[in-house]
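Architecture and fold: a report
Listed below, chain by chain, are the residues.
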Amino acid sequence: AQSVTQLDSQVPVFEEAPVELRCNYSSSVSVYLFWYVQYPNQGLQLLLKYLSGSTLVKGINGFEAEFNKSQTSFHLRKPSVHISDTAEYFCAVRRNYGGSQGNLIFGKGTKLSVKP
Amino acid sequence: DGGITQSPKYLFRKEGQNVTLSCEQNLNHDAMYWYRQDPGQGLRLIYYSQIVNDFQKGDIAEGYSVSREKKESFPLTVTSAQKNPTAFYLCASSIGAGRGASREQFFGPGTRLTVL
């Protein structure tokens, strides 16, 4: 079955330090990959997406992610975090199918906590 | 501005009552989705609709119902049959739902439902 695993439920980090949020997925077919951010009591906002082409994808707020097909991973990185990056981050995968098999599957989220 | 609106932001329900959560989008998207979010569980799909007058059950449809009479509207009813309805509910939409569509989803701000 299709699944998405976010390897860390919580990641504490100090301000201006680099961070990596890890995401692995299982799929035997081509996929589209997404990272979303959610601030408290708000909806989800798209950070970045991989559809095809370059495996290094740049998004908003200085985030980037690298698609690694052989390791079925799509880790999110930022070289220097700010207090304002404190939020929950969700990785999502869509298999290239039609119908219900092509719906987004979300990971359980990683809470990033940036400390001063 | 184009976007998705959800109302109300907070909703309180007595046990045994049905309640309806509103979701409206002016993005001209064909597909709409309802998710339930509980702490530490990520997003779980309740119902989705790929086109007007058609909708399909997601992973946790029991105790919920939807309608899709207009392209821009996708209301969710939480019925008394839903045993544990207290949660954060998110509505989303995407341009298409076919095999080639990215299905990048745009989210509303959410409705927090509390059963008293």
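Below is a summary of the structure that appears in this document. Because the structure is predicted, anything quoted here is derived from the model rather than measured.

Contacts between the two partners involve 25 residues from chain A, matched on the other side by 26 residues from chain B. In total, about 1,900 Å² of surface goes out of reach between chain A and chain B, with carbon and sulfur atoms giving 47% of it. Summed over the shared surface of chain A and chain B, the result is 1 salt bridge. Where chain A packs against chain B, one counts 5 residue pairs in polar contact (both at pLDDT 80 or more). No other element matches the 4 residues that strand S5 (residues 31-38) of chain A contributes to the side of chain A that touches chain B. In terms of residue class, the side of chain A that touches chain B is built from 10 nonpolar, 11 polar and 4 charged.

The next thing to look at is the environment of A:Ser52. Residues and elements named next belong to chain A. Note that Ser-52 resides in the loop between strand S6 (44-50) and strand S7 (56-58). Exposure remark for Ser-52: the relative accessible area of 56% places this residue in the exposed category. A sequence separation of 22 residues divides Ser-52 from Ser-30, and the C-alpha atoms of the two residues are 9.6 Å apart.

So, about the pattern of salt bridges. For the coordinates displayed, the defined rule picks out 9 salt bridges over all chains. Note that A:Glu64 and A:Lys58 form a salt bridge whose closest N and O atoms lie 2.8 Å from each other. Note that B:Asp38 is salt-bridged to B:Arg36, the shortest N-O span being 2.8 Å. What makes B:Asp38 buried here is its relative accessible area of 11%. In this structure B:Arg36 comes out as buried when scored by relative accessible area, which is 5%. Among the charged side chains, a network of salt bridges with common partners joins A:Glu20, A:Glu66 and A:Arg77.

About the cut-offs
- Residues numbered from 1 in each chain as written.
- Chains lettered and ligands numbered in written order.
- Predicted model: local features only at pLDDT ≥ 70, side-chain atom pairs only at ≥ 80, totals over all residues.
- Heavy atoms only, no water.
- Contact = heavy atoms within 4.5 Å.
- Buried area = accessible area lost by both parts, 1.4 Å probe.
- Salt bridge = Lys/Arg side-chain N within 4 Å of Asp/Glu carboxyl O.
- Polar contact = N/O pair within 3.5 Å; in protein donor to acceptor, adjacent residues only side chain to side chain.
- Helix = DSSP H or I, 4+ residues; strand = E, 2+ residues; numbered from the N terminus.
- Nonpolar A, V, L, I, M, F, W, Y, C, P; charged D, E, K, R; others polar.
- Buried < 20%, exposed > 50% of the residue type's maximum accessible area, 1.4 Å probe, protein only.

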